[in-house]
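# Coordinates in review
Now for the letters of each chain:
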Amino acid sequence: MKNKTITFLLIPFVLFATLFLSACQDDAEKPSSTSDAVKKENVNKVLTFREDLNFVNRFVNQNIAIPSDEGRIAIGSTMIARIKESAPCTEATEEELPDGSVKITMNFGEGCEIEDGTEVAGTVIMIFAVRETTLEYSLEFIDYTEIGSGEHQGQIVNGTVSGSFVMDFESSEFTQEMEQDLTIKYPDNTVAGYKVAQASEMTEDGLRVISLTTSGNFAEGGTFTMTLSKNLVYDFACSGDFPIEGEEILMFQGNSIRVNYGNGTCDQEYSVK
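## As for the overall build of the chain
Looking only at helices and strands, the chain features six helices and 13 strands. When the 273 residues of the chain are sorted by exposure, 47% land in the buried category. Considering only intrachain contacts with a sequence separation of at least 6, the fraction spanning at least 24 residues in the chain is 51%. Of the roughly 13,200 Å² of accessible surface on the chain, 45% is carried by carbon and sulfur atoms.

Pasting the structure below:
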């Protein structure tokens, strides 16, 4: 399996879309009087917000192991070792819970440099459980922040991420489900919110997102929702984290915008309608 596999499984903050009431579906079919330029501006605003939350992927990529074909794995020692390797300055503790799951607390204190050179602070609590060939996980971010001179300096994140990885080794089918509920507090004390629910499947060449619901509110005001109208397809051979096929419907500021990602080329382009 290619190294990008896990990255694309939770890329979400680049793969996201949102469920809204079925009554809105009729409105989604009505043409909007908004110009294409304004539509693209609104879509870019949402996509940029999604990408800004990509820090969640780092924790999933670095700290979550997929069940092996031998079934259960010793996740506790594996996770602690991985954490110590990626962030030696982290205070990490391990606890086995009554149901057999493993709880790992990562305390970054007031500042800790992780593997990619980013300095972070706050706490992340992770719980893992292996059920045959299924790995269930949850992460809780408590006043997590990136400090220093990065683009996310001063942003404080709280919230939860949960999901599961399921591998059917006989059929070589790999599926993933994930939910996120996060709040982001900015240096000026404004707050944004973001919720996601996603289900996806591995393909021979990439990833297919088959269910995706997202909602959020921007710090400066305004809410949005997106819903998946056609499966999103990602090709691992393409650079970047952008779908090559699929369609979403954005509801923003009273307007419905249909976002189409094309016909299978790695152009990182989309059209609006």
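## A closer look at unusual backbone geometry
Glycine aside, the phi torsion of most residues is negative, and most peptide linkages are trans. The backbone of Asn-189 sits at a positive phi, close to 75 degrees, despite the residue not being glycine. With respect to the helices and strands, the residue Asn-189 is situated in the loop between strand 7 (173-185) and strand 8 (191-202). Taking relative accessible area as the criterion, Asn-189 reaches 54% and is therefore assigned exposed. Here Gln-253, not a glycine, exhibits a phi torsion of approximately 55 degrees, which is positive. You can call Gln-253 exposed: its relative accessible area is 56%.

## Some points on the state of the cysteines
According to the stated counting rule, one finds two disulfides in the structure shown. Two residues, Cys-89 and Cys-112, share a disulfide whose sulfurs are 1.8 Å apart. Where Cys-89 bonds to Cys-112 through sulfur, the torsion about that S-S bond is close to 95 degrees, and the disulfide is right-handed. You can see Cys-89 sitting in the loop between helix 6 (75-86) and strand 1 (91-96) and its partner Cys-112 sitting in strand 3 (residues 112-113), a full 23 residues away along the chain. We classify Cys-112 as buried; its relative accessible area is 2%. Two residues, Cys-238 and Cys-266, share a disulfide whose sulfurs are 1.8 Å apart. Across the S-S bond of Cys-238 and Cys-266 the torsion is about -55 degrees, and the bridge reads as left-handed.

Cut-offs applied
- Each chain carries its own residue numbering, running from 1 in the written order of its sequence.
- Totals for whole chains, interfaces and linings use all residues, but because this is a predicted model, local features are given only for residues with pLDDT of at least 70 and pairs of side-chain atoms are given and counted only at 80 or more.
- Values shown for side chains rest on all heavy atoms present in the structure; no hydrogens or waters enter the calculation.
- By definition, any uninterrupted DSSP run of H or I lasting at least four residues is a helix, any uninterrupted run of E lasting at least two residues is a strand, and each is numbered from the N terminus.
- Under the scheme applied here, a residue whose accessible area is under 20% of the maximum for its type counts as buried, over 50% as exposed, and between as partly exposed, the area being computed with a 1.4 Å probe on protein chains only.
- Whether two residues touch is decided by their heavy atoms; if any such pair falls within 4.5 Å, the residues are in contact.
- Computed by Shrake-Rupley with a 1.4 Å probe, the accessible areas treat only the displayed protein chains as cover when residues are assessed.
- Cysteine sulfur pairs qualify as disulfides if the two atoms are within 2.5 Å.

Keep in mind that these numbers describe shape and distance, not what the molecule does.
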